[in-house]
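Examination of the molecular architecture
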Amino acid sequence: MLNCHEASQLASDQLDERLPVAKRLSLALHLLLCRHCRRFARQIKRLRQIAAATKIDIGAQLSDEAKARLRSALQRRRPDPSG
Amino acid sequence: MQDKEEERGDGSEEVDLMAHADALYAYAMARLRDSVLAEEAVQETLLAALTARQSQSNNFQGQSALRTWLTGILKHKVVDLFRNQIHTVANDDLQGAFEQAQFDSNGHWRLKPGHWPTPEAAVEQREMGVALSRCIGALANPAASVFIFTEIDGVPPREICNNLGISPTNYRVILYRARLALRRCMEQHGFGPNGEL
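So, a few notes on the structure that sits alongside this text. (Residues numbered from 1 in each chain as written. Chains lettered and ligands numbered in written order. Predicted model: local features only at pLDDT ≥ 70, side-chain atom pairs only at ≥ 80, totals over all residues. Heavy atoms only, no water.)

**Some words on the overall build of chain B**
To be explicit about the condition: Note on conventions: DSSP H or I runs of at least 4 residues are helices, E runs of at least 2 residues are strands, and numbering of each starts at the N terminus. Note on exposure labels: buried denotes an accessible area under 20% of the residue type's maximum, exposed denotes more than 50%, and partly exposed covers the range between, all computed with a 1.4 Å probe on protein chains only. We call two residues in contact whenever any of their non-hydrogen atoms come within 4.5 Å of each other.
A tally of regular secondary structure across chain B gives ten helices and zero strands. When the elements of chain B are put in sequence order from the N terminus, they spell out α-α-α-α-α-α-α-α-α-α. Buried residues in chain B amount to 47% of all 197 residues. A sequence separation of at least 24 residues applies to 74% of the contacts in chain B between residues at least 6 apart.

The structure is reproduced here in structure tokens:
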């Protein structure tokens, strides 16, 4: 009989791959009996849906110095305009 | 001060490309979590783009087509840089400790997952998206990147393992820890037992 720790790992695995039948059955049995793991399984599916529907922005921005470095790198690469 | 000069003619390619630098950097930072590596990825991408446009005289219908093309180049640079980084990140222990803390010695939940109501309105959906964005921002690598590659970029697991040089077992553990942490973080942001949506 799986405990919640094992069951939640399998529930996570199952989102990304087809589990062997024995694991699938023991997970299904655990989920039938355990409300908390049922919730966990639903929540990580929901995370997948939200992630797919959201433009993730962690708020990272280039500093002015970094922009200047990028600009000069691009200018160095530019071929001689006369040629 | 140089912008004026560039706009006059032969610098227009750079101006065009630089307009996307911030977005590319945000993309790279979300996945690499290292400002030096992220800047390197952006620079390599812009230089590759400049070279390609000069030799092929690529014509893009608009800025969004250009952005898509640049992001495609960046994606590969990020994976290359991340592959080298993943074996040196030292936070596996940290995330392992977080996993252990979620369960008691019998493997039962210490903090039981709560009931998440189904968001009805678009506003609520957006709020969950904002919270998830924050939670991903607070997540360390490799968990953050592996979650993003899987759930946002939609890269197949086998491809992620190959690209990053990690075993399927390692991949499963990293992704599981990411989900445990994000689930918990969402509840701390008010989605769950004690919060309201």
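**Focus on the nonpolar core**
Convention followed: We call a set of buried Ala, Val, Leu, Ile, Met, Phe, Trp, Tyr and Cys residues a nonpolar core when their side-chain atoms join them within 4.5 Å.
Formed by 81 residues in total, the largest nonpolar core has its most connected members in L46, L164 and M186 of chain B. Of the residues forming this core, the biggest block, ten residues, is contributed by helix α10 (residues 168–188) of chain B. Here L46 of chain B is in contact with L70 and L74 of chain A together with L17, M18, A21, L24 and L70 of chain B, once residues within four sequence places are set aside.

**Looking at the state of the cysteines**
Residues and elements named next belong to chain A. Inclusion rule: Cysteine sulfur pairs qualify as disulfides if the two atoms are within 2.5 Å.
Counted according to the given criterion, the structure contains one disulfide over all chains. This cysteine, C4, is not joined by any disulfide, and C37 carries the nearest cysteine sulfur, 3.8 Å off. Not part of a disulfide, C37 finds its nearest cysteine sulfur in C34, a span of 3.7 Å.

**Side note on the interface of chain B and chain A**
What counts here: Take the accessible area each of two parts loses on contact, using a 1.4 Å probe, and add the two losses: that sum is the buried area. Here, a salt bridge means any side-chain nitrogen of Lys or Arg that lies within 4 Å of a carboxyl oxygen of Asp or Glu. Any pair of N or O atoms that falls within 3.5 Å is considered a polar contact. Within protein, one atom must be able to donate a hydrogen and the other to accept it, and sequence-neighbouring residues count only if both atoms are side-chain atoms.
Taken residue by residue, the interface counts 60 residues in chain B and 42 residues in chain A. In total, about 4,600 Å² of surface goes out of reach between chain B and chain A, with carbon and sulfur atoms giving 61% of it. Looking at the side of chain B facing chain A, the largest losses of area belong to M18, Y176 and R179 of chain B, adding up to 13% of the total buried there. Between E151 of chain B and R48 of chain A there is a salt bridge, and its shortest N-O distance comes to 2.6 Å. Here chain B is connected to chain A by 20 residue pairs in polar contact (both at pLDDT 80 or more). Listed by contribution, the elements that provide at least two residues to the side of chain B that touches chain A are α1 (3–7), α2 (12–18), α3 (21–32), α4 (35–56), α6 (92–101), α7 (122–138), α8 (143–152) and α10 of chain B. Top element by residues in the side of chain B that touches chain A is α10 of chain B. It accounts for eleven residues.

**Here we look at the side chain of T54 of chain A**
Along the polypeptide, T54 of chain A turns up in the loop between α3 (35–53) and α4 (64–77). There is a polar contact of 2.6 Å between the side chain of T54 of chain A and the backbone oxygen of I50 of chain A.

**A few points about the side chain of S133 of chain B**
Within the element layout of this structure, S133 of chain B appears in helix α7. Accessibility expressed as a relative area gives 7% for S133 of chain B, which makes it buried. In contact with S133 of chain B, not counting residues within four places along its chain, are K55, I56, D57 and I58 of chain A.

**A look at the packing of helix α2 (residues 21–33) of chain A against α3 of chain A**
All names here are of chain A. Heads up, the rule is: Working convention: axes come from line fits to C-alpha atoms, limited for helices to the stretch in contact. Angles between N-to-C directions cover 0 to 180 degrees. Geometric relationships in this document are graded by angle, where less than 35 degrees denotes roughly parallel, more than 145 denotes roughly antiparallel, 65 to 115 denotes roughly perpendicular, and other angles denote oblique. Under the convention adopted here, Pro, Cys and the residues Ala, Val, Leu, Ile, Met, Phe, Trp and Tyr are nonpolar, Asp, Glu, Lys and Arg are charged, and Gly plus all remaining residues are polar.
Two elements in contact, α2 and α3, have axes separated by 6 Å at closest approach and are oriented at 115°. On the basis of their axis angle, the class for α2 and α3 is roughly perpendicular. Together, H30, L31, L32 and L33 of α2 and R35, C37 and R38 of α3 make up the contact between the two elements. When its residues are assigned to classes, the contact of α2 with α3 shows four nonpolar, one polar and two charged.

**Section: α10 of chain B**
All names here are of chain B. Note the cut-off: The length a helix should cover is 1.5 Å for every residue beyond the first.
A rise of 1.5 Å per residue sets the reference length of α10, with its 21 residues, at 30 Å; its end C-alpha atoms lie 30 Å apart and thus fit the reference within 8%. Burial of α10 is extensive: 15 of the 21 residues sit out of reach of the surface. Within two residues after α10, G190 carries a phi angle of roughly 100°, on the positive side.

**As for the pattern of salt bridges**
One pass over the full model with this rule turns up eleven salt bridges over all chains. A network of salt bridges, in which partner residues are shared, links D16 and R48 of chain A together with E151 and R179 of chain B.

**Notes on helix α5 (residues 63–86) of chain B**
Taking 1.5 Å of rise per residue, the 24 residues of α5 of chain B would be expected to cover 34 Å, and the 33 Å separating its terminal C-alpha atoms lies within 8% of that figure. Among the residues of α5 of chain B, those classed as buried are L66, L70, I73, L74, V78, V79, L81, F82, Q85 and I86 of chain B.

**As for the packing of aromatic side chains**
Heads up, the rule is: Aromatic rings from Phe, Tyr and Trp, taking only the six-membered ring of Trp, are treated as a pair when their centres fall within 6.5 Å; an angle between ring planes under 30 degrees marks them as stacked, one over 60 as edge-to-face, and anything in between as tilted. Comment: the charge-over-ring label is applied if NZ (Lys) or CZ (Arg) is within 6 Å of the ring centre and within 35 degrees of the ring normal.
Inspection of the entire model under this criterion finds four aromatic pairs over all chains. A ring pair is formed by F40 of chain A and W109 of chain B, whose centres lie 5.3 Å apart and whose planes are at 45°; its orientation type is tilted. Taken together, the residues F40 of chain A in helix α3 and W109 of chain B in the loop between α6 and α7 connect one chain to another. Per residue, the accessibility class of F40 of chain A equals that of W109 of chain B, and both read buried. Their ring planes at 75° and their centres at 6.4 Å tell us that F40 of chain A and Y176 of chain B sit as a pair that is edge-to-face. In this pair, F40 of chain A is assigned in helix α3 and Y176 of chain B in helix α10, connecting two distinct chains. Judged on exposure class, the residue F40 of chain A and its partner Y176 of chain B are both buried. Through a chain of ring-to-ring contacts, the aromatic side chains of F40 of chain A together with F103, W109 and Y176 of chain B assemble into a single cluster. The ring of Y27 of chain B has R31 of chain B sitting right over it, with the charged end atom 3.5 Å from the ring centre.

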